[in-house]
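Below, each chain spelled out in residue letters.
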Amino acid sequence: MKSQMIDVGNKRKTKRMARAQSIVKLNKEIIKRIKNDNMPKGNVLENARVAAILAAKKTSNLLPLCHNLELEYAGIDFKFTPDTIVVESLIKSTGKTGVEMEAMVSCSVAALTIYDMCKMFSKDIVIEKIILLEKRGGKSGGYVRKG
């Protein structure tokens, strides 16, 4: 079977939303430095946020069969635990196809940006659990991850 984009020409536009998450495991000293905005490359979370938004906007350039979407909103939030930063993205659009990939790509790039800005202090940083938390809109309706 040959590769091809899915034909969405006959689909109607609906409001779409997707939330995704990634987790970055760091040592407590790095987390302390991030919270105190004491990193040589600058503010880690703001750089990760901007990188994530740019990545959401460029998802179709990264994933070859992904449609180019007009995004209406891209928001990235961070939560700390003692040894992790949880990245959560929320992407919104009105269109003919969903924004799940934009949400997951944005979380991934935020996590990679955190890694890049912190790697000078440790190579043991782990990025894990890039997951879709929720989606709404479209023919298949809604989805909420359990657990």
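Keep in mind that what you see is a predicted model, and the values were worked out from it rather than measured. Residue positions are counted from 1 within each chain, in the order its sequence is given. Reporting in this predicted model follows two pLDDT cut-offs: at least 70 for local features of residues, and 80 or more for side-chain atom pairs to be given and counted; totals over whole chains, interfaces and linings ignore these cut-offs and use all residues. To obtain the side-chain values, all non-hydrogen atoms of the structure were used and water was disregarded.

(A) Local environment of empty space enclosed by the protein. Grid points spaced at 1 Å and placed over the protein atoms alone form the basis of the search, with a cavity being a set where a 1.4 Å probe fits but cannot get out and a pocket an open set showing protein on both sides within 12 Å along at least five of seven lines. Lining residues have an atom within 4 Å of a point. Grid points are joined across faces, edges and corners, and a volume is the space filled by probe spheres set on the points. By the definition in use, this model includes 1 cavity of 30 Å³ or more. In this model, the largest cavity occupies a volume close to 40 Å³. Considering the residues around the largest cavity, the lining is formed by A56, K57, K58, T59, S60, H67, N68, L69, L71 and E102. Those elements that provide at least two residues to the lining of the largest cavity are helix 2 (44–57) and helix 3 (59–62). Following the grouping adopted for this structure description, the nonpolar residues are Ala, Val, Leu, Ile, Met, Phe, Trp, Tyr, Cys and Pro, the charged ones are Asp, Glu, Lys and Arg, and the polar ones are all others, Gly among them. Per-class residue counts for the lining of the largest cavity are 3 nonpolar, 4 polar and 3 charged. A run of DSSP states H or I qualifies as a helix once it reaches four residues; a run of E qualifies as a strand once it reaches two. Both are numbered from the N-terminal end.

(B) Representation of the sheet that holds strand 5 (residues 143–144) in the model. Here a strand pair is declared whenever DSSP counts at least two bridges between the two strands. Strand order in the open sheet formed by 5 strands is 2-3-1-4-5, with antiparallel pairing between adjacent strands. Since the sheet does not close on itself, it has two edges, and those belong to strand 2 (71–81) and strand 5, each with one partner. Two elements, strand 1 (residues 14–25) and strand 3 (residues 84–95), share 12 bridges in a ladder whose sense is antiparallel. Across the sheet, the residue bridging to I23 is V86, located in strand 3.

(C) Representation of the pattern of salt bridges. We count a salt bridge whenever a side-chain nitrogen from Lys or Arg sits within 4 Å of a carboxyl oxygen from Asp or Glu. Per the counting criterion, the structure on display carries 8 salt bridges. For R19, the salt bridge identified is with E88, shortest N-O distance 2.8 Å. With a gap of 69 residues between them, R19 in strand 1 and E88 in strand 3 connect regions that are remote in the sequence. On the basis of relative accessible area, R19 is assigned to the partly exposed category, the value being 22%. Owing to a relative accessible area of 18%, E88 belongs among the buried residues under this scheme. Note that R49 and E46 form a salt bridge whose closest N and O atoms lie 2.2 Å from each other. Of this pair, R49 and E46 both sit in helix 2, 3 residues apart, which is roughly one turn of that helix. Summary of the burial criterion: residues with accessible area below 20% of their type's maximum are buried, those above 50% are exposed, and those between are partly exposed, where the area comes from a 1.4 Å probe applied to protein chains only. With relative accessibility at 39%, the residue E46 sits in the partly exposed group. One connected set of salt bridges, linked through shared partners, spans R19, K79, E88, E134 and R136.

(D) Examining the side chain of T14 more closely. Among the secondary structure elements, T14 is positioned in strand 1. Residue class for T14 comes out buried when judged on its relative accessible area of 15%. In this structure the side chain of T14 is engaged in a polar contact, spanning 2.8 Å, whose partner is the side chain of R16. Between N or O atoms, a polar contact is any pair within 3.5 Å; within protein, one atom must be a potential hydrogen donor and the other a potential acceptor, and residues adjacent in sequence are included only when both atoms are from side chains. Within the local environment of T14, its side chain forms a polar contact with the backbone nitrogen of G138, the two atoms lying 3.1 Å apart. Only heavy atoms enter the contact rule, under which two residues are in contact if any of them lie within 4.5 Å. With near-sequence residues (within four places) excluded, T14 lies in contact with S93, T94, G95, G137 and G138.

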